[in-house]
Amino acid sequence: MAETLKLTCTACGQMNRFPTARLTAGPKCAVCGEKLVSGKVAELDPSAHGKATKGDDLPILIDYWAPWCGPCRMMAPEFAKAAQALAGRARFAKINTQDFPAISQRLGIRGIPLLILWHRGREVARLSGARPAAEIEAFVRSNSAAAV
């Protein structure tokens, strides 16, 4: 692993660099002070989505969802459990496709919920449908190894 990591702050969009050894110490954004690796699910807007998927050194799993979608709402607590379990190994975020339909069009999303794993500026894998936390964790683990 590299000596430094770069991560985009999901709150303000600032790119941050910090020593890899500090990953478990809870690094914070140099601009807004938000935790960069918290084990929580971040809510993205199109700008933050674009920046977070462009080249972060830690994989980011994004849940593409909508508030009217029953399976999306049903999966939300499971997604949060998986985020907590994989804190420090991957980051988790979600984006509302109802509020930001251009993201869906650009990515060719035809159904939700849809999970897309991004790493270093490229899409690594997709997983569609509502899933329990264990399946989400297995998906990230198996595809993170392939992304490196």
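Let us look at the structure shown here. (Residues numbered from 1 in each chain as written. Predicted model: local features only at pLDDT ≥ 70, side-chain atom pairs only at ≥ 80, totals over all residues. Heavy atoms only, no water.)

Considerations on the side chain of His119
Point 1. Note that His119 resides in strand S6 (residues 114-119).
Point 2. In this structure the side chain of His119 is engaged in a polar contact, spanning 3.0 Å, whose partner is the backbone oxygen of Asp57. (Helix = DSSP H or I, 4+ residues; strand = E, 2+ residues; numbered from the N terminus. Polar contact = N/O pair within 3.5 Å; in protein donor to acceptor, adjacent residues only side chain to side chain.)

So, the nonpolar core
Point 1. Residues Leu61, Phe79, Phe92, Leu115, Ile136, Phe139 and Val140 are the most contacted members of the largest nonpolar core, which totals 16 residues.
Point 2. In this structure Phe92 touches Lys40, Val41, Ala42, Leu61, Phe79, Ala82, Ala83, Leu86, Ile136 and Val140, once residues within four positions along its chain are discounted.
Point 3. Counting 15 residues, the second largest nonpolar core, distinct from the first, contains Leu44, Ala93, Ile109 and Ile116. (Core = buried A, V, L, I, M, F, W, Y, C linked by side-chain atoms within 4.5 Å. Buried < 20%, exposed > 50% of the residue type's maximum accessible area, 1.4 Å probe, protein only. Contact = heavy atoms within 4.5 Å.)

As for the packing of aromatic side chains
Point 1. Tallied over the entire structure, the rule returns 1 aromatic pair.
Point 2. The interplanar angle of 65° and the centroid separation of 5.0 Å between the aromatic rings of Phe79 and Phe92 together place this pair among those described as edge-to-face. Linking Phe79 in helix H2 (residues 70-85) with Phe92 in strand S5 (residues 91-96), this pair joins segments that are 13 residues apart in sequence. Like Phe79, the residue Phe92 is buried in the burial classification. (Phe/Tyr/Trp six-rings, centres within 6.5 Å; stacked < 30°, edge-to-face > 60°.)

Description of unusual backbone geometry
Point 1. In this structure, the amide linkage connecting Ile112 to the following residue, Pro113, adopts the cis form with an omega of 0°.
Point 2. Structurally, Pro113 can be placed in the loop between helix H3 (101-107) and S6.
Point 3. For Arg120, which is not glycine, the phi dihedral falls at a positive 50°.

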